[in-house]
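# Summary of the model geometry
If you want the building blocks of each chain, they are given just below.
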Amino acid sequence: MPCSADSVSTSERYRFIIVGGGSAGCLLARLLAERGQGPIALLEAGGDGRDVRCVVPNFYPRTFGSCLDWNYRTTPQTGLLNRALPWPRGKVIGGSGAINALIYLQPAQADLQRWGFPTIDRVAEECSVGALSSANATAAPPSLPATDGRQCTFSQLPLEPVRQPHPWTQQFLDASKQLGCTQHNRWTQSTPNTSGIFTLTQAHGRRVHTGLQLLESAQETFAPEPQLYRSTQVQVERILLEAGRARGVEFVDRDARVHRIFAEQEVILCGGAIGSPMLLMQSGVGPEEQLREAGILCQQALPGVGKNLQDHLVYPIIFRTRESQGLPRRFSLAQRDAYRQRGDGPLASNIAEAGALLNVPEVAATQFQIHFTPSHYLKYPATPTENHFCSLAITDLHPASRGTIRPYRTANGAWLPRVDPNYLSSPQDVSHYMAILPWLTAAIASGPLNKVVQVEVLPGPRCTTARKLEKSLRMFAQTIFHPVGTCRFGNSDVDGVVDGEFRVHGISGLRIADASVLPDLPAANTNASALWVAWQCAERLRDR
Ligand SMILES: Cc1cc2nc3c(=O)[nH]c(=O)nc-3n(C[C@H](O)[C@H](O)[C@H](O)COP(=O)(O)OP(=O)(O)OC[C@H]3O[C@@H](n4cnc5c(N)ncnc54)[C@H](O)[C@@H]3O)c2cc1C
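Residues numbered from 1 in each chain as written. Predicted model: local features only at pLDDT ≥ 70, side-chain atom pairs only at ≥ 80, totals over all residues. Heavy atoms only, no water.

Now for the overall build of the chain. Tallying secondary structure elements over the chain gives 12 helices and 26 strands in all. Against the globule reference of 24 Å for 544 residues, the chain gives a C-alpha radius of gyration of 23 Å, in line with a compact fold. Its C-alpha atoms give the chain principal-axis dimensions of roughly 65 × 55 × 45 Å. Evaluated residue by residue, the chain yields a buried proportion of 60% over its 544 residues. Put simply, of all contacts in the chain between residues at least 6 apart along the chain, 72% involve residues at least 24 apart. Just so you have it, the chain exposes about 21,000 Å², and 49% of that area is on carbon and sulfur atoms. (Helix = DSSP H or I, 4+ residues; strand = E, 2+ residues; numbered from the N terminus. Rg over C-alpha atoms; globule rule 2.2 N^0.38 Å. Buried < 20%, exposed > 50% of the residue type's maximum accessible area, 1.4 Å probe, protein only. Contact = heavy atoms within 4.5 Å. Areas by Shrake-Rupley, 256 points an atom, 1.4 Å probe, with all protein chains shown as cover.)

What follows is the structure, encoded as structure tokens:
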């Protein structure tokens, strides 16, 4: 089989080696294989992910802390009253795209212009009708009929809006109109002052991610020659560098045996915003001082590696509702049947069902995103709470705080990342939240959501002063899982790690194509941006 499990062989030479089968890595592998640019070896640390939690939208938080998660945790964050936050990242084929909240929102045109990428319209033209229809045919689960005219991304992932939004979600959308947002029915691109039911990467209520697409690629997709070989549960430990060139990689299999494979053309890192800088630094590529501190011999000084870490932080405004009709934590037989037979009901809810993108005159320097959920943002589904809560989770989309990823060795010799996002270290970020929160809570209290909510629980009626509000922000803010920037592109090797062609500065035969190369955060959730990078990288490799 051209794409069977554990098919990477140490006796073969591969044209490309792709490290990391996540959102970007699987898309890149498939695009190269479809064009006959193999043989390609894809190495993924996690398993095949044939797990119900990677399929049913409502179950994604149940992957946290499981074997599908790298189980990272930040260092204690000074800006968050010394709290250390859990930082889920997908360790599975499909990567974080297999455990995320499924929301598909392309970056804003302004983001693409800042990054120097072509705009969405041009890429839409480049996606042929043939490619879209073949994606529809392969992406739908075999047991369910294909839906004609289903929307599809440039990455050929099928898209659907949340199938049966909760009734409170409509009240939120009405409220968003009062906040000045135009409601979009098929909401797929970040545009200021818009709102809508989120569009999800799914078909018939079942998650589809780039890993699943890859696993289900029919043999004939890659004909006439085998193009793609993959191994799962293998962790790449080191890039093999020789005279300034990446020759191959060294990896450890599930039985702790060490192997090496070699690339005829290039090694491409798709390990994500933590995995890619870690692998560079473990291989001796990074800031000299930090490598020395970690006891790693410097092969190539590259100061930007692991710096410039940015993430979207979220502060949830939580309301107790008048009625106990929020998302259930346990599902009735009827709800399970609804999901099994029609792919709808609360199991098909991705929990954060709708959102809004706000430009507020009071805080002109940034833009905010709201995620609305008919549940308690901090407790659902882990803690058994009664279902009488809803939440509006608010995010400053362009924070100024910057953090780092640094490697350290554990007592048993394994490399782990020290993840320090340095949240709210910039006073500007704090001031943005301090300005938007009173404005937003006042607007919500007098708007259409008033029919649903009874009383504000967070920040709550006792949060009467700016000092108390700031304390609440620092006490309850969470990650919304969007790290980027740790191998940012930039034309010089002073701050940039890769150039505009995604090539690592100072090393030939080595590229990076994942969320780590984005120089800053998009005004959107980050999965579409990671896919965008993979698509762009595939374009640059077209004639190689
Ligand atoms: C809980 C959660 C919810 C999210 N919700 C959304 C959402 O709703 N919408 C949205 O747009 N974005 C969301 N995101 C973010 C989005 O999923 C990521 O931005 C995107 O998946 C990043 O893609 P990537 O390819 O850069 O990294 P990943 O998808 O994380 O892929 C990296 C892959 O590399 C593998 N890997 C790493 N190191 C090694 C190594 N040394 N050897 C072998 N393999 C390795 C990993 O196991 C992983 O499979 C969410 C993320 C999380 C975690």
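After that view, the rundown keeps rolling.
Time to look at the packing of helix α10 (residues 427-445) against helix α11 (residues 466-476). Viewed as axis vectors pointing N to C, α10 and α11 meet at an angle of 110°, and their least axial separation amounts to 10 Å. The angle between α10 and α11 falls in the class roughly perpendicular. Once α10 is placed against α11, the crossing between them reads as right-handed. Contacts from Val430, Tyr433, Met434, Leu437 and Pro438 in α10 reach Ala466, Leu469, Glu470, Leu473 and Arg474 in α11. Taken together, the residues of the contact of α10 with α11 sort by class into eight nonpolar, no polar and two charged. (Axes fitted to C-alpha atoms, helices over the stretch in contact; angles between N-to-C directions. Parallel < 35°, antiparallel > 145°, perpendicular 65-115°, else oblique. Left-handed = near helix turned anticlockwise from the far one by under 90°. Nonpolar A, V, L, I, M, F, W, Y, C, P; charged D, E, K, R; others polar.)

We now examine the pattern of salt bridges. Pairs can form between side chains of opposite charge whenever their charged atoms are close. Following the criterion strictly, the structure yields 20 salt bridges and no others. Residue arginine 540 pairs with glutamate 501 through a salt bridge whose shortest N-O separation is 3.8 Å. Of this pair, arginine 540 sits in helix α12 (residues 527-540) while glutamate 501 sits in the loop between β25 (478-479) and β26 (510-512), placing them 39 residues apart in sequence. Classification of arginine 540 as partly exposed rests on a relative accessible area of 23%. With relative accessibility at 30%, the residue glutamate 501 sits in the partly exposed group. Here glutamate 539 and arginine 542 are joined by a salt bridge, their closest N and O atoms 3.1 Å apart. (Salt bridge = Lys/Arg side-chain N within 4 Å of Asp/Glu carboxyl O.)

Here the focus is the site of the ligand. As a structural note, the neighbourhood of the ligand is formed by 39 residues, with Glu44, Ser96, Ile103, Thr526 and Asn527 the closest of them. Measuring from an oxygen atom of the ligand, one finds a side-chain N or O atom of serine 23 at 3.0 Å. In the model, an oxygen atom of the ligand is placed 2.9 Å from a nitrogen or oxygen of the alanine 24 main chain. For the ligand, whose accessible area on its own is 1,000 Å², the fraction buried by protein is 97%. Secondary-structure elements contributing two or more residues to the shell around the ligand are α1 (23-34), β13 (235-242), α7 (272-282) and α12. Grouping the constituent residues of the shell around the ligand by class yields 18 nonpolar, 17 polar and four charged. (Near = heavy atom within 4 Å. Polar contact = N/O pair within 3.5 Å; in protein donor to acceptor, adjacent residues only side chain to side chain.)

Turning to the confidence of the model for the chain, a few remarks are in order. For the chain, per-residue confidence averages 90 on the pLDDT scale, and 91% of positions sit at 70 or higher. Taken together, the stretch residues 125-150 has pLDDT below 50 and engages in 28 contacts with residues farther than four places along the chain or on a different chain. (pLDDT = per-residue confidence, 0-100.)

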